[in-house]
Every structure is written in structure tokens, then in C-alpha cells.
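Secondary and tertiary structure notes
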Amino acid sequence: MSKARTRTRSNANDRPDSNINAVAASTRSAKKADADSAAVPSKAASGMARPPSKTSLLIEALSQPDGATIEALCSVTGWQSHSVRAALTALRKKGHEIARTKTDSRSVYAIAGTPAEAAK
């Protein structure tokens, strides 16, 4: 019978003569110091306005007097039709009242009420 020999791997971090931990720590602290010292102006301070979200664009399109079709909502948001329908469902769950009317074999969606109006 032979005795099974196990071999342990030596990790560079375990060796006392290794300088890897010191180098890694100094690199981390240098990166943190650079990040802390970099003066990055906030968007509000620089006057840059945040672009409107796609949901707000969707609400704006639905708020039009004539409402909007799925195709129009797809072109406004850049989404596919199933994504627009899912967003309409999310708006309903948030309390928006979405009215759907059929005209010429097309569905037209419009916001009939907002969550603030529903709370009154």
C-alpha cells in the first residue's frame, strides 16, 4: 500500500516575504484618494437638466386630448409594443386611470385620471 500524498498550494498572500498585500493596499488607498480629491460637479450645480424618463414621456403622450395609439407610444419611447403594454399596466397599478377606446380597428389610450385625483 502506498500512502497518498497531498500537496498544499502555496498562496502568495500567505508568504511572509510577499509584498503583494502592501502593494494592493497602497493601490486601493491611492485610488480612493484620487476619487475623493476629484471635484465632480453635480448635475444640478452645473445646470444640466436630467432628461425626461420614458415613463414621463409615456404619461405626456397619454395626456394629449386625442390620446395615443400603441404605435405612437412605441415611437415616443423606442419600446416594442409588449413593453408599452406592460408600462400601461404599471401605470394602472400606480393609480393612473387609463381609458381605452377602439376607433377604426385601433385602440387609443388616454389618461382619464391620475393617482392624486383618485386619492381625493
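Thresholds applied
Residues numbered from 1 in each chain as written. Predicted model: local features only at pLDDT ≥ 70, side-chain atom pairs only at ≥ 80, totals over all residues. Heavy atoms only, no water. Helix = DSSP H or I, 4+ residues; strand = E, 2+ residues; numbered from the N terminus. Buried < 20%, exposed > 50% of the residue type's maximum accessible area, 1.4 Å probe, protein only. Contact = heavy atoms within 4.5 Å. Core = buried A, V, L, I, M, F, W, Y, C linked by side-chain atoms within 4.5 Å. Pairing = 2+ DSSP bridges. Polar contact = N/O pair within 3.5 Å; in protein donor to acceptor, adjacent residues only side chain to side chain. Expected span 1.5 Å × (residues − 1). Arc of directions from axis to C-beta. Patch = residues over 30% accessible without salt bridge, like charges linked within 9 Å, V, L, I, M, F, W, Y side chains within 5 Å. Areas by Shrake-Rupley, 256 points an atom, 1.4 Å probe, with all protein chains shown as cover. Salt bridge = Lys/Arg side-chain N within 4 Å of Asp/Glu carboxyl O. Lys, Arg positive; Asp, Glu negative; His and termini not counted. Charge placed at Lys NZ, Arg CZ, Asp CG, Glu CD.

Here's the deal with the overall build of the chain
- From N to C terminus, the chain includes six helices and three strands.
- Ordered by position in the sequence, the α and β elements of the chain form the string α-α-α-β-α-α-β-β-α.
- Of all 120 residues assigned to the chain, the portion counted as buried reaches 18%.
- Long-range contacts, defined as pairs at least 24 residues apart, comprise 34% of the intrachain contacts of the chain with a sequence gap of at least 6.

A closer look at the nonpolar core
- Core analysis: the largest hydrophobic core is formed by 14 residues, its most contacted members being Leu58, Leu62, Leu73, Val84, Leu88 and Ile98.
- Those elements that provide at least two residues to this core are helix 3 (54-62), helix 4 (70-77), helix 5 (81-93) and strand 3 (106-113).
- When residues of this core are assigned to their parent elements, the largest contribution, four residues, is made by helix 5.
- With residues up to four places along the chain from it excluded, the contact list for Leu73 reads Leu58, Ala61, Leu62, Ala68, Val84 and Leu88.

Some thoughts on the pairing of strand 3
- Bridge count for strand 1 (residues 68-69) against strand 3 is two bridges, and the pairing is antiparallel. Paired with Thr69 across the strands is Val108, a residue of strand 3.
- In the sheet, strand 2 (residues 97-103) pairs with strand 3 via seven bridges, with the strands oriented antiparallel. Along strand 3, the bridge assignment pairs Lys102 with Ser107.
- The turn joining strand 2 and strand 3, which pair antiparallel and follow one another in sequence, is formed by two residues; a positive phi near 50° is taken by Asp104.

Observations regarding the side chain of Thr77
- Its location among the elements puts Thr77 in helix 4.
- For Thr77, a relative accessible area of 5% corresponds to the buried category.
- Engagement of the side chain of Thr77 in a polar contact is seen with the backbone oxygen of Leu73, the distance being 2.8 Å.
- Discounting residues that sit within four places of it in the chain, Thr77 has contacts with Lys54, Leu58 and Val84.

Here's the deal with the environment of Ala112
- Considering the arrangement of structural elements, one finds Ala112 in strand 3.
- Through-space distance from the C-alpha of Ala112 to that of Ser63 is 8.2 Å; in sequence the pair is 49 residues apart.

Section: helix 5
- Here helix 5 spans 19 Å end to end across 13 residues, near enough to the 18 Å set by a 1.5 Å rise per residue.
- Along helix 5, the positions that sit buried rather than exposed are Val84, Ala87, Leu88 and Leu91. Mapping the buried residues of helix 5 onto a view down its axis gives an arc of 105°, with all of them on the same face. Of the exposed residues in helix 5, those oriented more than 90 degrees away from the buried face are His82 and Lys93.

What to know about a positive patch on the surface
- Taken together, the side chains of Arg85, Arg92, Arg100 and Lys102 define a basic patch exposed on the protein surface.
- Secondary-structure elements contributing two or more residues to the positive patch are helix 5 and strand 2.
- Relative to the assigned elements, Arg92 resides in helix 5.

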